[in-house]
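Coordinate inspection notes
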Amino acid sequence: MDVILQAVGLVANGNVIITIIAASIFGLFVGAVPGLTATMATALLVPLTFFMEPVAAVGAIVACSAMAIFAGDIPGALLRIPGTPASAAYVEDTYKLTQKGHAELGLGACVLFSALGGLFGTIVLIFAAPSLAEFAVKFSSPEYFWIALLGLTCAVFMGASSPAKGLLSLFLGLTIASVGLNNPAGVPRLTFGSTEMMAGIDFIPVMIGIFAISEVLRTVLSGGEGWQQTPTVVGNIFRDWGGMLKTYWRQLLRGNITGTAVGILPGAGSDVAAYVSYAISRRFSKTPEKYGTGHVEGVVEAGSANNASLSSAWVPALVFGIPGDTMTAIVIGVLYVKGLNPGPTLFIFNPQTIYAVFLIFILANLIMIPLGWALIKFSKNILRVSKAVLMPLILIFCIVGAFASNNAVYGVTIMLVFGVVGYLMEENGIPIAPCVLGIVIGPILEKNLITTLIKSQGNLLDFINRPISFGIFVVFCLIWVSIIVSWIRAARRTDEVAIAKSG
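Attention here is on the structure that accompanies the text. (Residues numbered from 1 in each chain as written. Predicted model: local features only at pLDDT ≥ 70, side-chain atom pairs only at ≥ 80, totals over all residues. Heavy atoms only, no water.)

**Comments concerning the environment of Ala 71**
Tracing the backbone through its elements, the reader meets Ala 71 in helix H4 (residues 54-71). Relative accessible area serves as the criterion here: at 0%, Ala 71 is assigned to the buried category. The sequence separation of Ala 71 and Met 368 amounts to 297 residues, and the corresponding C-alpha distance is 9.6 Å. Not counting residues within four places of it along the chain, the set of residues in contact with Ala 71 comprises Gly 27, Leu 28, Gly 31, Ala 32 and Leu 375. (Helix = DSSP H or I, 4+ residues; strand = E, 2+ residues; numbered from the N terminus. Buried < 20%, exposed > 50% of the residue type's maximum accessible area, 1.4 Å probe, protein only. Contact = heavy atoms within 4.5 Å.)

If you want it as C-alpha cells, here you go:
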C-alpha cells in the first residue's frame, strides 16, 4: 500500500500533470496529420525527455502515443485519410458513416472504444505482466511465421466480397514490401537500377498515396461534382454510447483480448492488432456484408484492439527489456537513460515508478475522452470548407508527411505513384486493405521464414515441432478449412438459385 501511495505522489506532481496534458495535445495533433505517425510523435519527444524527471519523461511518451493512435481516426472519418496506419483498417466504415450523416456515431465509437481498449490493456499490464511476458518470450521464429500467416489470412476476410481481388491486392502489398535491400539475403530486389529504391518503399508514403492522393484525384477528376456531398454536421458523439456498449459488448471484449494478445508479441504493434481484429470481427459477424459500407461493428472491435495492444506492448518491454513495438523500443532507451533498466529488477528496486507508469496509463486513457471530444469539435469545421479549397491543403499536408518519412523527395514520388495506383484499384473494385496488410506483415513473414529455415537447415518439420507453433498451425489450418467450406457452400447456393430460376 505504501508503494501505491508513493506512486500516487509521483503522478500527482504539478509538473507531471502539465507534462502529460501537453504531451497529449501534441500526440493528438501529430496523430491527426496524415504521415506523422505515433512512432514519429514519440521519437520527437525523446530529446525533451532528457530534461525531465523519470516519471514525467515516461508519462509524456505514454500519453503522446495513446493520443496519437486515437487521433489518426479523425481525418479517416472526416476525409477518408487515416492519420496513422492503425486507423487504416476501418477507415472505409468511419468515412462512409460520415457520408451518411452519422459522423458522430463513428467518431464516438473511436473515442469510447479506444479509451476502453487502453484501459483493458493497462489492467492486463498491471495484473498479468510477468506471466504474459513469460509466455511471449517463448515465441521464436516458427511461431512468428505462423502468426504472420494468420495475419495475411485476414486479407481473405477483408476481400470477402471478391476473394480473387482480395488476394490480388494482397500480392501487390507483398510485392511492395519485398522491394530493396531490406531482406535476409541483402540482395537488391525490384530496384530497377535505382539507388533510392535499394532502401525499399517506405510504408508511410504508400499509405498516404493510396488513401489521400487517390481521394484528391477522385475529387479532381469528378470535375467538381459532389464536392459538397459530405454532410457538414457532426452531432453529439456521446449520444450512442449506451446503445453501442449494450449491442457490441462482445466485440469490445474480443477486440480487447485480440489487441492484448497481439501487443505482447514483440514487433507486432497496433497496426497488426487493428487489421487482425477487424478481420476477426467480420468473420464472426452476423452481417459481414455490411463491413466497409459504414457499419460501426468493425470499428468497435478494431478501435479497442489497437489501443489495447499499445498498453500490452509494455509487458515484454518492462519485464524483459524486449520492445513490443517501435514505440516501446524508444521507451526502453529512455528508461536506460533515466537509470530505470527494464527487467525483473525494476519491479524489485523501483516498484513505485512502475506503479506510477500504470497510473499514467489509466490517466492518459481517461483524459482521452474530453481531449478527443475537443479535437472532434474543432476538426468538424473541416467539413464546412469547400473541397475546392480543402483538397489543395490536404495535398500540402500529404507532401509534408511523405517528405518527413525519410527526409527525401523520393518519399513524395512514391506517394504520388501510389496515389494513382490506389485510384485505379478502387475504380476497378480492388480492395485496398489487403494491400496495406501485405506491406505491414510481409517483412515479418519473410524474416521469420528464412530464420527458421536457417536454424533448422531446411527441415520443414521445425515449423511445427514446438507445442505453441503446432497449436497456431492447427488454428491456421482450421481457419482455411472453414474459409474453403464457406466458399463451396456459397457456390452451391448460387447454383441452386440458378437452377431454380431456369426451372
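**Looking at the side chain of Gln 251**
Relative to the helices and strands, Gln 251 is located in helix H12 (residues 249-263). Excluding residues within four positions of it along the chain, Gln 251 makes contact with Ser 281, Glu 297, Val 300, Glu 301 and Ser 304.

**Remarks on empty space enclosed by the protein**
Evaluation of the coordinates by the stated rule reveals 2 cavities of 30 Å³ or more. Its boundaries defined by the atoms lining it, the second largest cavity holds a volume of some 30 Å³. What lines the second largest cavity is simply Leu 318, Leu 335, Leu 340, Leu 346, Thr 353, Ile 354 and Val 357. Examining the composition of the lining of the second largest cavity, we find that 3 residues originate from one element, helix H18 (residues 351-379), more than from any other. A per-class count over the lining of the second largest cavity returns 6 nonpolar, 1 polar and no charged. (1 Å grid on protein atoms, 1.4 Å probe; cavity = no way out; pocket = protein on both sides within 12 Å on 5 of 7 lines; lining within 4 Å. Points joined across faces, edges and corners; volume = space filled by probe spheres on them. Nonpolar A, V, L, I, M, F, W, Y, C, P; charged D, E, K, R; others polar.)

**Observations concerning the pattern of salt bridges**
Per the stated rule, a full pass over the model turns up 6 salt bridges. Arg 466 is the partner of Glu 143 in a salt bridge, and the nearest nitrogen-oxygen pair spans 2.8 Å. Remark: Arg 466 occurs in the loop between helix H21 (433-456) and helix H22 (467-502) and Glu 143 occurs in helix H8 (residues 141-158); sequence separation between them is 323 residues. Where Glu 446 meets Arg 189, a salt bridge forms, and the shortest distance between an N and an O atom there is 2.6 Å. A residue pair is termed long-range when its members are at least 10 positions apart, and Glu 446 in helix H21 and Arg 189 in the loop between helix H9 (163-177) and helix H10 (203-221) qualify at 257 residues. The class for Arg 189 is partly exposed, based on a relative accessible area of 23%. Bridged by salt links that share partners, the residues Glu 104, Arg 239 and Asp 240 form one connected network. (Salt bridge = Lys/Arg side-chain N within 4 Å of Asp/Glu carboxyl O.)

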